[in-house]
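Next come the chains, spelled out residue by residue.
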Amino acid sequence: MTVSRTICLGFLAVITIGALLLMMPFSLSSGTWGSPVNALFTSTSAVCVTGLSVVDVGTYYSFWGQLLLVLLVQIGGLGYMTATTFLLLLLGRRFGLRDKIAIQQSLDAPGMSGVVYLVRSIIAVTLLFEITGVFLLFIVFEPDYGLEHGLWLAIFHSVNAFNNAGFGLFSDNLMHYVRSPLVNMIITILIIFGGIGYQVIMEMYLWVRDLILRRTKCVIFSLNYKIVTSSTLILLAVGTIAFLLTEAQNPHTLGPLGWHHKLMAAWFQSVTPRTAGFNTIDIGKMTNAGLFITIALMFIGASPGSTGGGIKTTTLRVLYDCTKTVLQGKEEVLSYQRQIPVPLILKAISVLLGSVLVVIVSTIFISLTDSGLEFYSDFV
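Note that the structure is a prediction, hence the values are computed from the model and not measured.

All right, on to the overall build of the protein then. Across its full length, the protein carries 15 helices and 2 strands. Intrachain contacts of the protein at a sequence separation of at least 6 include 65% that bridge at least 24 residues. Accessible surface computed for the protein: about 19,600 Å², of which carbon and sulfur atoms make up 69%.

In this structure, Phe141, Phe156, Phe167 and Ile187 are the most contacted members of the largest nonpolar core, which totals 59 residues. The element contributing the most residues to this core is helix H7 (residues 115-145), with 10 residues. Excluding residues within four positions of it along the chain, Ile187 makes contact with Leu137, His157, Ala161, Leu174, Phe268 and Phe278. Counting residues in hydrophobic clusters, the runner-up holds 16 residues, among them Ala242, Leu244, Leu254 and Ile283.

Further remarks concern the pattern of salt bridges. Overall, the coordinates contain 2 salt bridges when judged by the stated rule. Ionic pairing is found between Arg317 and Asp321, a salt bridge with its closest N-O pair at 3.5 Å. With a gap of 4 residues between them, Arg317 and Asp321 both fall in helix H14 (residues 313-327), about one helical turn apart. In this pair, the class of Arg317 matches that of Asp321, namely buried.

This brings us to empty space enclosed by the protein. Under the definition given, this model contains 1 cavity of 30 Å³ or more. The calculated volume of the largest cavity comes to roughly 70 Å³. Lining the largest cavity are Asn164, Ile191, Ile192, Gly195, Ile196, Thr232, Val271, Arg274, Gly301, Ala302, Ser303 and Thr313. When residues of the lining of the largest cavity are assigned to their parent elements, the largest contribution, 4 residues, is made by helix H9 (residues 181-196). Split by residue class, the lining of the largest cavity holds 5 nonpolar, 6 polar and 1 charged.

Tallied over the full model, the rule gives 13 aromatic pairs. Between Phe141 and Tyr177, the ring centres sit 5.5 Å apart and the planes meet at 80°, which makes this aromatic pair edge-to-face. On the criterion of sequence distance, the pair formed by Phe141 in helix H7 and Tyr177 in the loop between helix H8 (147-162) and H9 is long-range, its members being 36 residues apart. A relative accessible area of 1% places Phe141 in the buried class. Looking at Tyr177, the relative accessible area reads 5%, which means it is buried. Through successive ring pairs, a cluster of aromatic residues spans Phe63, Trp64, Trp152 and Phe156.

The subject of this paragraph is the packing of helix H11 (residues 223-247) against H14. Two elements in contact, H11 and H14, have axes whose closest approach is 9 Å; the angle formed by their N-to-C orientations is 95°. As summarised for this structure, H11 and H14 are arranged roughly perpendicular, according to the angle between their axes. Contact residues: Asn224, Ile227, Val228, Ser230, Ser231, Thr232 and Leu235 in H11; Thr313, Thr314, Leu316 and Arg317 in H14. Partitioned by chemical class, the residues of the contact of H11 with H14 number 4 nonpolar, 6 polar and 1 charged.

Turning our eyes to something else, we now look at the confidence of the model for the protein. The pLDDT averaged across the protein works out to 86; a share of 87% of its residues lies at or above 70. Across the protein, the element-wise mean pLDDT spans from 57 in helix H5 (residues 80-90) up to 95 in H8.

Below, the discussion takes up helix H4 (residues 63-78). Taking 1.5 Å as the rise per residue, H4 with 16 residues should run 22 Å; its terminal C-alpha atoms sit 22 Å apart, in good agreement. Along H4, the positions that sit buried rather than exposed are Gly65, Gln66, Leu68, Leu69, Val70, Leu72, Val73, Gln74, Gly76, Gly77 and Leu78. Phi turns positive one or two residues past the end of H4, at Gly79, with a value near 100°.

Along its 15 residues, helix H10 (residues 198-212) runs 21 Å from first to last C-alpha, staying within 8% of the 21 Å computed at 1.5 Å per residue. Within H10, burial applies to Tyr198, Val200, Ile201, Glu203 and Asp210. Of the residues flanking the end of H10, it is Arg214, one or two places downstream, whose phi is positive at about 55°.

Quick notes on the rules
Residues numbered from 1 in each chain as written. Predicted model: local features only at pLDDT ≥ 70, side-chain atom pairs only at ≥ 80, totals over all residues. Heavy atoms only, no water. Helix = DSSP H or I, 4+ residues; strand = E, 2+ residues; numbered from the N terminus. Contact = heavy atoms within 4.5 Å. Areas by Shrake-Rupley, 256 points an atom, 1.4 Å probe, with all protein chains shown as cover. Core = buried A, V, L, I, M, F, W, Y, C linked by side-chain atoms within 4.5 Å. Buried < 20%, exposed > 50% of the residue type's maximum accessible area, 1.4 Å probe, protein only. Salt bridge = Lys/Arg side-chain N within 4 Å of Asp/Glu carboxyl O. 1 Å grid on protein atoms, 1.4 Å probe; cavity = no way out; pocket = protein on both sides within 12 Å on 5 of 7 lines; lining within 4 Å. Points joined across faces, edges and corners; volume = space filled by probe spheres on them. Nonpolar A, V, L, I, M, F, W, Y, C, P; charged D, E, K, R; others polar. Phe/Tyr/Trp six-rings, centres within 6.5 Å; stacked < 30°, edge-to-face > 60°. Axes fitted to C-alpha atoms, helices over the stretch in contact; angles between N-to-C directions. Parallel < 35°, antiparallel > 145°, perpendicular 65-115°, else oblique. pLDDT = per-residue confidence, 0-100. Expected span 1.5 Å × (residues − 1).

Right under this line is the structure:
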């Protein structure tokens, strides 16, 4: 039993247990046994922080079912090994070499030194962002839904936003808040920080701390930090402009909004497809160009070591640098004046090829089994 197999089996175990609990009567608002297929689909979507659902989460599940969904999302966002390590730390267990290797591989950390400290930092960062999100979202939800329900709405959506899951308790997701600056900004900030990775957040924190304390030492950012931050900013800017151009005149999405609300909705839609799944406009009524942009952003996804999925921004950047190198007739692939090792290039190519094959095979299989679906629109 290798470490990688242990991690995979751990995720499968969490999904299976979650599916069994989600189909039980106490998890459903109807108080009856639920569909095993729906439960398995929802549990898989939660642990893999996808956010897809075949039922209306806010009405189909009871409070206990929604709470279970939050826990599955939290485990999926943190990662199975991180969540397990946190529980073992609470129990006071000492970690052996195999445990540290498992944590290092699951977090994609550069080495084994300090992995337990890294887990503590990840837990602290997660709680900081999620609790802050809860307080700010509570300001919006409490006047409309009261103290208890407003607090639960804030907790549910804050956890889902930071973990890039995208489950919502409203039937229209967040379309009702398309004109709310506070909801748009809080949700997108949580998604962005959850999607850039914990190591990038820690480097950013150390840089800000040194600025505040006016320390004169030169801060040298890692290559991962530079690639992740620059790629994320470029994708956010390009995505916002692209959605403005394709949806600004669409009467079913951005058309009825004022220009400042159009910009805010386009920004939100640029942030959320890259693994989060929230929406403030009707996705099904977007233009074909807008849908294609959404698909592209979903395929790219978030960054390594984050709560999001996709092929990762670093993979995209490595492939871009490889293409630029070939066009310039050079032999060494450089990024920020640093040479990218060949193993990383091979890994990026394999990730891209494997992801494309999965998408193609899955699309063909769904087309064969559900012939009534439209090839383009219904798949998004």
